[in-house]
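Residue-level structural notes
One-letter residues, chain by chain:
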Amino acid sequence: MEHGEGSSHDSLNEKKHIGMDEYEVDTPDITRPFPPDPDEMVETHQLTIRALVVGSALGAVVGASNIYLGLKTGFTFGPQLFGAIFGFAIIKPLSKAPGIVGKLFGGSFGPKENCTVQSAATAAGGIGILFVSAIPAMYRLGLLSELPKQDIGKLIALAACSGFFGVFFVIPLRRYYIVKQKLTFPTPAATAVTIRALHNGRTGAMVARKKSLALLYSFIIVFVYKVVSGYAPGVLFDWHIGWTLYRLGFTSIISLDNYGWYIEFTPAFFGAGMLSGLNASWSFFGGSILAWGIIAPSLVKNGLAVGLSVSDEFPLVSYNALSFENQSDFTEAPSPRYWLLWPGILMMLCYSFTDLGMNSGFILSGTIKMSNINPVTWFRSNNELDDEDEDQTPMEDRVPTLWWTTGLAASIVMCCAILATLFHMNVGEAILSLILGFAFSFVGVQSAGTTDVNPVTAVAKASQLIFGGIGKGAGLTINAAETVNLTAGIIAAGSAAQATDMTGDLKTGYLLRAKPKNQFVAQLTGAVVAIFLNVGLFILFTTASPCILSSTATECTYAAPSISAWVAVAEAVALPSLPIPKSAGFTAIGLGIFTVIMVIAKHLWIPKKYWIYIPNWNAVGLAFVAPQIPFSIAMAAGSIFNYFWQRRNPVSFDMYMFAISAGMLAGEGLGGVLQALLAVAKVDGSLFGTAIGCPGLEFCG
């Protein structure tokens, strides 16, 4: 599941406070390029080494944080605003620096170069979703080598297929989606507005300084806290109240801890709650109550699910097993987590597809309009601008046809060769996965352009279902069918997600009148960084915490719900019979139908002003899949904090909210990366920390 901060077209067209001193700026029409500012500097160099380096570095920070956050709960956050604000904070002082620093990195810095920074950041922070979902799922199913470091070549190849194919094929569609259809793209549009405000003379510099300092301070504080707490997690990070009360003599209360009900002081998910808002955060928390406070205990009490003792000395039980020694245990003696997995997945699928269906007016009309576009026109070179054309980008500033056609052809050949030689897919299956990626990108771009939600989950599961049918029709063995299923899913979902992000990035550049050619180079540079960064981080995290790849581990620091969902669907469509308990199957069908009815009712009969009171069933389903109750508690607390902050001091809220929440997300994410490095170096808390406050007196970091 990808997290994005949404905002409406109307709100972006209102006056917006951007400073503490009552400074206001009129936000322009976000359907067309911003009108030129007569006081704006002339930018002679929009594509610079400093912009590419800083942008890629900031994207790497977000990418590293997303690997950590994604392995925890499946949430990721976009790097656009982070790259825009922090990029300004870094390069603006460098542009005026004296001495050798000024000679190397100095020179004027304007909004168009700032756009290049965020373009590189967006690409460098992308495709991480694959490394917290489908790729580790292949290891859990035993489809690759025992350790990821033995598959470096394969991992880089898979990432390259998804990353580059998605970048190349959206270029000819820029004009249709952004100029003709005028999709809003709330977050990219907000990024353009932010960049424009930051470069608005003295006031913009003052606002940028305040935002940057807030982001930096929150980042440093949370980073230090995360690293230090790793040496005393039971005291500083996790409060296992059930375990503590048990030790004080309240023996039955240990069930509270067994079912995962404890408090975790996680700044990242407090910040995620600030960004997600009340509806999504409290839906997630409500789903946790329903799944792990009501259904799971009822299943155990009635013998429909069982737990596994994890301590000989204390009554500690794990209810999180996802694999079992006997095949019959999958249906006759499952764990509550395995039982809940199926209703959760079906709720998420039903919500995603129904919501897309209810918003399909723009998707269907967009697709019909696309059918009227002659692809031959994509290849025609026209060196003259039409005066009546809204897009007045000079022809020499647009991406040359030869660039993207050559890149697209090369990426198709590369993908077919890689999938055929390394993953035993025939050329037809490889091309089909690319076609699905191209087709699903229409759904992704239309959805993100209107609602700010990139439907990675729906796209991924749709591709899995299609290739599941192909595998059965071809009579493939279970392992071969699962390999094709997951590999094709990676290509289709990854390229569609990348294309959606890149189209939004082009929207930012369009509003700022930046050169698409420069953005294209920045995107390719960032994509190269993303490929090697994500592979390296994946190897680092799985080396530090091998339980991520284990199908038998009952307890792990990283719940990785997205991995479990990919594994479950891959197994379900490949095995001769569905390994689903009957009671779980009936419950899944019932909740799935209920979800569909609720989504339809919301769109047809409930006024939009009341939608905030309707549960987000995708978040409810996620709570079923992810047995990480502390995260839902933290997100609920963060959203409540945000609600009262916005009501009591809206000017301060507008100034600092995103900066502080982004700093908390990045701080804990990079703190988690350092903890992983310390674990590999064997100087982490598990060896030099304390287990005080941890259940069973065993280290719980």
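Conventions adopted
- Throughout, a residue's number is its position along its own chain's written sequence, starting from 1.
- Whole-chain, interface and lining totals are the exception, using all residues; otherwise, since this is a predicted model, local features are given only for residues with pLDDT of at least 70 and side-chain atom pairs are given and counted only at 80 or more.
- Only hydrogens and water are set aside; all other atoms, that is, all heavy atoms of the structure, feed into the side-chain values.
- Numbering of helices and strands runs from the N terminus; a helix is a DSSP stretch of H or I covering at least four residues, while a strand is a stretch of E covering at least two.
- Accessibility here uses a 1.4 Å probe with only protein chains present; expressed as a share of the type maximum, an area under 20% marks a residue as buried, one over 50% as exposed, and anything in between as partly exposed.
- Throughout, a residue-residue contact means that at least one pair of heavy atoms, one from each residue, lies within 4.5 Å.
- Areas reported as accessible are Shrake-Rupley estimates using a 1.4 Å probe. Residue values count occlusion only from the protein chains shown.
- Centres within 6.5 Å make a pair out of two Phe, Tyr or Trp rings, where for Trp the six-membered ring is used; the pair is then stacked when the planes are under 30 degrees apart, edge-to-face when over 60, and tilted otherwise.
- We call a charge positioned over a ring when the NZ of a Lys or the CZ of an Arg lies within 6 Å of the ring centre and within 35 degrees of the ring normal.
- Pairs of cysteine sulfur atoms within 2.5 Å are what we label disulfides.
- For a helix, the expected span equals 1.5 Å multiplied by the number of residues minus one.
- Bend, at a single residue, is the angle you get between axes fitted to the 7 residues ending at that residue and the 7 residues starting at it.
- Axis lines are fitted to C-alpha atoms, over the contacting stretch for helices. Their N-to-C directions set the angle, which ranges from 0 to 180 degrees.
- These descriptions rest on fixed angle ranges, namely under 35 degrees for roughly parallel, over 145 for roughly antiparallel, 65 to 115 for roughly perpendicular, and the rest for oblique.
- Crossing handedness follows the turn of the near helix against the far one: under a right angle anticlockwise gives a left-handed crossing, and clockwise gives a right-handed one.
- Charged means Asp, Glu, Lys or Arg here, nonpolar means Ala, Val, Leu, Ile, Met, Phe, Trp, Tyr, Cys or Pro, and polar covers whatever is left, Gly included.
- What is meant by a nonpolar core is a set of buried Ala, Val, Leu, Ile, Met, Phe, Trp, Tyr and Cys residues, joined one to another through side-chain atoms within 4.5 Å.
- Exposure above 30% relative accessible area and the lack of any salt bridge qualify a residue for a patch; like charges then connect within 9 Å, and the nonpolar side chains Val, Leu, Ile, Met, Phe, Trp and Tyr within 5 Å.
- Throughout this description, the term salt bridge denotes a Lys or Arg side-chain nitrogen within 4 Å of a carboxyl oxygen of Asp or Glu.
- As used throughout, the charge tally considers Lys and Arg to be positive and Asp and Glu to be negative, leaving His and the chain termini uncounted.
- The predictor attaches a confidence to each residue, and that confidence, scored 0 to 100, is pLDDT.

Turning next to the overall build of the protein chain. Across its full length, the protein chain carries 28 helices and 6 strands. Classification of the 701 residues of the protein chain by burial places 58% in the buried group. In the protein chain, once contacts between residues fewer than 6 apart in sequence are set aside, the share between residues at least 24 apart is 82%. When the accessible surface of the protein chain is split by element, carbon and sulfur atoms take 64% of a total near 27,900 Å².

Any aromatic ring pair is given by two values, namely how distant the centres are and how the planes are angled relative to each other. This structure, assessed with the given rule, holds 22 aromatic pairs. With centroids separated by 4.8 Å and ring planes inclined at 80°, the aromatic side chains of Trp-239 and Phe-265 adopt a geometry described as edge-to-face. Here Phe-265 lies in the loop between strand E4 (263-264) and helix H14 (267-301) and Trp-239 lies in strand E3 (residues 238-239), a separation of 26 residues in the sequence. When its relative accessible area of 43% is taken as the criterion, Trp-239 is described as partly exposed. Each ring, one from Phe-270 and one from Phe-641, has its centre 5.6 Å from the other, and the planes form 50°; the classification is tilted. In this pair, Phe-270 is assigned in helix H14 and Phe-641 in helix H26 (residues 629-648), connecting sequence segments 371 residues apart. Each residue in the set Phe-270, Phe-641, Trp-645 and Phe-653 is aromatic and connected to the rest through ring pairs, giving one cluster. When the ring centre of Phe-423 is taken as reference, the NZ or CZ atom of Lys-154 above it lies at 5.7 Å. Stacked on the ring of Trp-611, the Lys or Arg Lys-602 has its end atom at 4.8 Å from the ring centre.

Moving on, we come to the state of the cysteines. Inspection of the entire model under this criterion finds 1 disulfide. Each disulfide pairs two cysteine sulfurs, and for Cys-694 the partner residue is Cys-700, the sulfurs being separated by 2.0 Å. Disulfide Cys-694-Cys-700: the torsion about the S-S bond is -60°, which places it as left-handed. Not part of a disulfide, Cys-416 finds its nearest cysteine sulfur in Cys-415, a span of 6.9 Å.

What follows covers helix H3 (residues 80-95). For H3, with 16 residues, the first-to-last C-alpha span of 21 Å sits near the 22 Å given by 1.5 Å per residue. The axis of H3 is deflected most strongly, by about 25°, at Phe-88.

Contact pair H3 / helix H5 (residues 111-124): the axes reach a minimum separation of 8 Å and the direction vectors enclose 130°. Classed by the angle they form, the pair H3 and H5 counts as oblique. Pair H3 / H5 crosses with right-handed handedness. In contact with Gln-80, Gly-83, Ala-84, Gly-87, Phe-88 and Ile-91 of H3, H5 contributes Asn-114, Val-117, Gln-118, Ala-121 and Thr-122. Split by residue class, the contact of H3 with H5 holds 5 nonpolar, 6 polar and no charged.

Time to look at the nonpolar core. Proteins that are soluble and globular tend to have nonpolar side chains buried together. Within the largest apolar cluster, 146 residues are counted, with the highest numbers of intra-cluster contacts made by Ile-135 and Phe-541. Per element, the largest residue contribution to this core is 12 residues, and it comes from helix H21 (residues 478-512). Beyond its immediate sequence surroundings of up to four residues, Phe-541 is in contact with Ile-67, Tyr-68, Leu-71, Ile-548, Tyr-558, Gly-672, Val-673 and Ala-676. Counting residues in each nonpolar core, the second largest holds 22 residues, with Tyr-259, Trp-261, Trp-339 and Met-347 among its members.

What follows deals with the side chain of Ser-433. Structurally, Ser-433 is set in helix H19 (residues 427-451). Each residue touching Ser-433, except ones within four places of it in the same chain, is listed here: Leu-419, Phe-467, Ala-488, Ile-491 and Ala-492.

What follows covers unusual backbone geometry. One non-glycine residue, His-424, lies in positive phi territory at about 55°. In the Ramachandran plot, Arg-513 falls in the positive-phi region, its phi being about 60° despite a non-glycine side chain. By the element assignment, Arg-513 lies in the loop between H21 and helix H22 (516-544). On the accessibility criterion, Arg-513 (39% relative accessible area) is partly exposed.

For H5, spanning 14 residues, the distance from its first C-alpha to its last is 20 Å, which sits close to the expected 20 Å at 1.5 Å a residue. For H5, the buried fraction is high: 14 of the 14 residues fall into the buried class.

There is a patch of nonpolar side chains on the surface, built from Leu-216, Tyr-217, Ile-220, Ile-221, Val-224, Val-228, Val-235, Leu-236 and Ile-692 and spanning about 800 Å² of accessible area. Secondary structure elements with two or more residues in the nonpolar patch: helix H10 (201-229) and helix H11 (233-236). At 6 residues, the largest contribution of residues to the nonpolar patch is made by H10. Note that Val-228 resides in helix H10.

What follows concerns the pattern of salt bridges. Evaluation of the coordinates by the stated rule reveals 1 salt bridge. Between Glu-113 and Arg-50 there is a salt bridge; the shortest N-O distance is 2.7 Å. In this pair, Glu-113 is assigned in helix H5 and Arg-50 in helix H2 (residues 49-73), connecting sequence segments 63 residues apart. Given a relative accessible area of 0%, Glu-113 falls into the buried group. With a relative accessible area of 9%, Arg-50 lands in the buried category.

Two packed helices can be described by the angle between their axes and the distance between those axes. With their axes 8 Å apart at the nearest point, H14 and helix H27 (residues 650-680) run at an angle of 145° to one another. The way H14 lies across H27 gives a crossing that is left-handed. Taken together, the residues of H27 that come into contact with H14 (itself represented by Pro-267, Ala-268, Phe-270, Gly-271, Ala-272, Met-274 and Leu-275) are Met-657, Phe-658, Ser-661, Met-664, Leu-665 and Glu-668. Classifying every residue of the contact of H14 with H27 by side-chain character gives 10 nonpolar, 2 polar and 1 charged.

Moving on, we get to the side chain of Asp-151. Relative to the assigned elements, Asp-151 resides in the loop between helix H6 (134-140) and helix H7 (152-168). In this structure, Asp-151 is buried with no salt-bridge partner, the nearest side chain bearing the opposite charge being Lys-154 at 4.8 Å. Beyond its immediate chain neighbours, meaning those up to four positions away, Asp-151 contacts Tyr-139, Leu-144 and Ser-145.

Right, let's talk about the environment of Trp-404 for a bit. Considering the arrangement of structural elements, one finds Trp-404 in helix H18 (residues 401-422). Judged by its relative accessible area of 4%, Trp-404 falls in the buried class.

Moving on to the confidence of the model for the protein chain. Scored by pLDDT, the protein chain comes out at a mean of 82, with 87% of its residues at no less than 70. Taken as a whole, residues 1-27 scores under 50 in pLDDT and shows 73 contacts with residues more than four places along the chain or in a different chain. In this model residues 366-372 is a low-confidence stretch, pLDDT under 50, and it forms 8 contacts with partners more than four residues away in sequence or in other chains.

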